Structures are given as structure tokens and as C-alpha cells.
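Understanding the architecture of this molecule
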Amino acid sequence: MDKYEEMTFGKYIETKRKERGKTLRSTAFDIGVSPPFYSEVEKDRRSPLTLDKLEQLALALHLNQEDTFIMYDKAAQASKRVDTMVPKDIPDYIMDRSYVLAALRLAKEVGAGEKEWQVLVDELKSRKEK
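None of the values given here were measured: they were computed from a predicted structure. Per chain, residue numbering runs from 1 following the sequence as it is written. Reporting of local features is limited, given that this is a predicted model, to residues whose pLDDT is at least 70; pairs of side-chain atoms are given and counted only at 80 or more, and all residues count toward the totals for whole chains, interfaces and linings. Calculated side-chain values reflect all of the structure's heavy atoms, with hydrogen atoms and water omitted.

**Considerations on the overall build of the chain**
Helix and strand labels come from DSSP, where a helix needs a run of H or I of at least four residues and a strand needs a run of E of at least two; each type is numbered from the N terminus. Counting its regular elements, the chain contains eight helices and zero strands. Oriented by its inertia axes, the alpha-carbon framework of the chain measures out at about 50 × 35 × 30 Å. Throughout, exposure labels follow a simple rule: accessible area from a 1.4 Å probe, protein chains only, divided by the maximum for the residue type, with under 20% read as buried, over 50% as exposed, and the rest as partly exposed. Here the chain holds 130 residues, and 32% of them are scored as buried. Throughout, a residue-residue contact means that at least one pair of heavy atoms, one from each residue, lies within 4.5 Å. Taking the intrachain contacts of the chain between residues at least 6 apart in sequence as the baseline, contacts between residues at least 24 apart amount to 50%. In the chain, the 24 positive side-chain charges and the 24 negative ones have mean positions that sit 5 Å from each other. Positive charges come from Lys and Arg alone, negative charges from Asp and Glu alone, with His and the N- and C-terminal ends not counted. Taken as the charge location is NZ of Lys, CZ of Arg, CG of Asp or CD of Glu.

Dropping the structure here:
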């Protein structure tokens, strides 16, 4: 099991911040929010940050791509609204490409499962590695 799997969004970003040896105060200033506000986010008392603040946080904490994606996913899971459950780095990609929406809707319609999606993921990964 991934050591971050059971963590909330707030706990995850707190853990990453501490792993980097950064203070709460300096991290808040790095992303342009007040330390009390950022503290409330880390304590899961406030909704996750906006996309631009999440992007700034990923830079401030020097997160690699995998850690950034985990952060986006946890932010989506922590969201209180059902219509914002998609990680914040994804909506523009989906909405700007009608073929992505068509593929998602078709996959839903035919009941595509993990096996079918894994074939696509494996194909895309092999292209990326070339």
C-alpha cells in the first residue's frame, strides 16, 4: 500500500512540506496566501486550493510529476462539491478536446473497466518512453 494512500489532502501537503524542510509560513507566502489560511487548508478545515494555488504549491514544494498528480487527486477527493471531483489539472484538457469527452462518454456507455483503460495507458506510456 502506498504510504500516502490513506492521507487526506491536508495531511498530504503537510507531509510533503515537512519532507522538504519548509515552514508553514514560508510555504504560505510562496503561494500567496496567509499563514492562517494555509494552516486551515493543511488541517482540512478549508476546501483545497484553486488550480493556480495548487500549481504554485507543487513548485514551492518541488513536487515531481507523480507527487503533483497525487496532490491533485487528493484535492479532488477533498472537494465538498460533486461537480468538482475531477482533479483540477484535468478539466481544461477534457473540455478543450471534444474527442476526450466522446471517449469518456463511450467508455461509460460500454462499461469499459480497468482492463480496457490499462491497455490505453500502457500504449500511451510506451509512446512517451520513445
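Still more to cover.
**Considering helix α3 (residues 35-42)**
Residue pairs spaced three or four apart in an α-helix point in one direction, given the helix's 3.6 residues per turn. Every buried residue of α3 is accounted for by Pro35, Tyr38, Ser39, Val41 and Glu42. Take α3 and look down its axis: the buried residues cluster within an arc of 160 degrees, on one side only. At the exit of α3 stands aspartate 44, carrying a positive phi of roughly 60 degrees. The arc under discussion is defined with respect to the helix axis, by the directions toward the C-beta atoms.

**A word on the packing of aromatic side chains**
What characterises a pair of aromatic rings is the spacing of the ring centres plus the angle enclosed by the ring planes. Pairing of aromatic rings covers Phe, Tyr and Trp, the last through its six-membered ring, and needs centres within 6.5 Å; plane angles under 30 degrees mean stacked, over 60 mean edge-to-face, and all others mean tilted. One pass over the full model with this rule turns up one aromatic pair. Residues tyrosine 4 and tyrosine 12 carry aromatic rings whose centres are separated by 5.1 Å and whose planes lie at 90 degrees to one another, so their mutual orientation is edge-to-face. Here tyrosine 4 falls in the buried class, since its relative accessible area comes to 8%.

**Observations concerning the packing of helix α4 (residues 51-60) against helix α5 (residues 65-78)**
Where α4 contacts α5, the axes come no closer than 10 Å and their chain directions differ by 145 degrees. Here the hand of the crossing between α4 and α5 comes out right-handed. Contacts between α4 and α5 involve Leu51, Leu54, Glu55, Leu57 and Ala58 from the former and Thr68, Met71, Tyr72 and Ala75 from the latter. Gly counts as polar in this scheme, as do all residues outside two lists: the nonpolar Ala, Val, Leu, Ile, Met, Phe, Trp, Tyr, Cys and Pro, and the charged Asp, Glu, Lys and Arg. Partitioning the contact of α4 with α5 into residue classes produces seven nonpolar, one polar and one charged. To define axes, lines are fitted to C-alpha atoms, for helices over the stretch in contact only, and angles between the resulting N-to-C directions are given on a 0 to 180 degree scale. Crossing handedness follows the turn of the near helix against the far one: under a right angle anticlockwise gives a left-handed crossing, and clockwise gives a right-handed one.

**Some remarks on the pattern of salt bridges**
When a carboxyl oxygen of Asp or Glu is within 4 Å of a side-chain nitrogen of Lys or Arg, the pair counts as a salt bridge. Tallied over the entire structure, the rule returns 11 salt bridges. For lysine 11, the salt bridge goes to glutamate 14, with nearest N and O atoms at 3.6 Å. Here lysine 11 pairs with glutamate 14, and both are found in helix α1 (residues 9-19), just three residues apart, close to one helical turn. When its relative accessible area of 40% is taken as the criterion, lysine 11 is described as partly exposed. Since its relative accessible area comes to 18%, glutamate 14 is described here as buried. Linked by salt bridges that have partners in common, Lys3, Lys16, Glu19, Arg20 and Asp67 make up one network.

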